[in-house]
Amino acid sequence: MVKFLLWLLLLVVCWPLALLALMLWPIVWLVSLPFRLIGIAVSGVFALISALVTLPARWLGWRPASAG
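Quick caveat: nothing in here was measured; it's all calculated off a predicted structure. (Residues numbered from 1 in each chain as written. Predicted model: local features only at pLDDT ≥ 70, side-chain atom pairs only at ≥ 80, totals over all residues. Heavy atoms only, no water.)

Chemist: Can you walk me through helix 1 (residues 2-13) in this structure?
Modeler: Along an α-helix, a turn takes 3.6 residues, which lines up residues three or four apart on a common side. Across its 12 residues, helix 1 extends 16 Å between first and last C-alpha, which sits within 8% of the 16 Å expected from 1.5 Å per residue. With respect to burial, helix 1 is a largely exposed element, only zero of its 12 residues being buried. (Helix = DSSP H or I, 4+ residues; strand = E, 2+ residues; numbered from the N terminus. Expected span 1.5 Å × (residues − 1). Buried < 20%, exposed > 50% of the residue type's maximum accessible area, 1.4 Å probe, protein only.)

Chemist: Which parts of the structure should I look at to understand the packing of aromatic side chains?
Modeler: Each aromatic ring pair is specified by the distance between its two centres and by the angle formed by the two planes. For the structure on display, the rule yields one aromatic pair. Where Phe4 meets Trp7, the ring centres are 6.5 Å apart and the plane angle is 25 degrees; that geometry is what we call stacked. Of the two residues, Phe4 and Trp7 both sit in helix 1, three residues apart, roughly one turn of that helix. (Phe/Tyr/Trp six-rings, centres within 6.5 Å; stacked < 30°, edge-to-face > 60°.)

Chemist: What is the right way to look at the environment of Ala18 in this model?
Modeler: As for its position among the elements, Ala18 is in helix 2 (residues 15-59). Residue classification places Ala18 among the buried residues on the basis of a relative accessible area of 0%. Put simply, Ala18 and Leu6 are 12 residues apart on the chain and 9.8 Å apart in space, counted from C-alpha to C-alpha. Setting aside anything within four residues of it in sequence, one finds Ala18 in contact with Trp7, Leu10 and Leu11. (Contact = heavy atoms within 4.5 Å.)

Chemist: How do you make sense of helix 2 when you look at a structure like this?
Modeler: The end-to-end C-alpha separation of helix 2 is 62 Å, in line with the 66 Å expected for 45 residues at 1.5 Å each. A maximum bend of about 40 degrees is found in helix 2 at Leu24, where proline Pro26 lies one to four positions downstream. Gly61 lies just past helix 2 and shows a positive phi near 95 degrees. (Bend = angle between axes of the 7 residues up to and from the residue.)

Chemist: Just checking my understanding: could you explain the packing of helix 1 against helix 2 for this structure?
Modeler: A pair of packed helices can be characterised by two numbers: the angle between their axes and the separation between those axes. Orientation of helix 1 relative to helix 2, taken along the N-to-C sense of each, is 140 degrees, at an axis distance of 5 Å. As far as their axial angle goes, helix 2 and helix 1 are oblique. For the pair formed by helix 1 and helix 2, the contact residues are Trp7, Leu10, Leu11 and Val13 on the first element and Trp15, Leu17, Ala18 and Leu22 on the second. Its residues assigned to classes, the contact of helix 1 with helix 2 shows eight nonpolar, no polar and no charged. (Axes fitted to C-alpha atoms, helices over the stretch in contact; angles between N-to-C directions. Parallel < 35°, antiparallel > 145°, perpendicular 65-115°, else oblique. Nonpolar A, V, L, I, M, F, W, Y, C, P; charged D, E, K, R; others polar.)

Right, here's the structure in full:
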């Protein structure tokens, strides 16, 4: 909703720029998609490394303090 309101403000202030942004948004989304996928993959790798590092402690019965 905030993005839409900002776009409406841009439309009032400078309508050619707002229309250009509206037309270029799908291209920007497609260009940024591989970076999002890389981010998801890196996050998964870090989760796997974290699970492997804490595996011996979990085998020995250690529980994090927040697991109540």
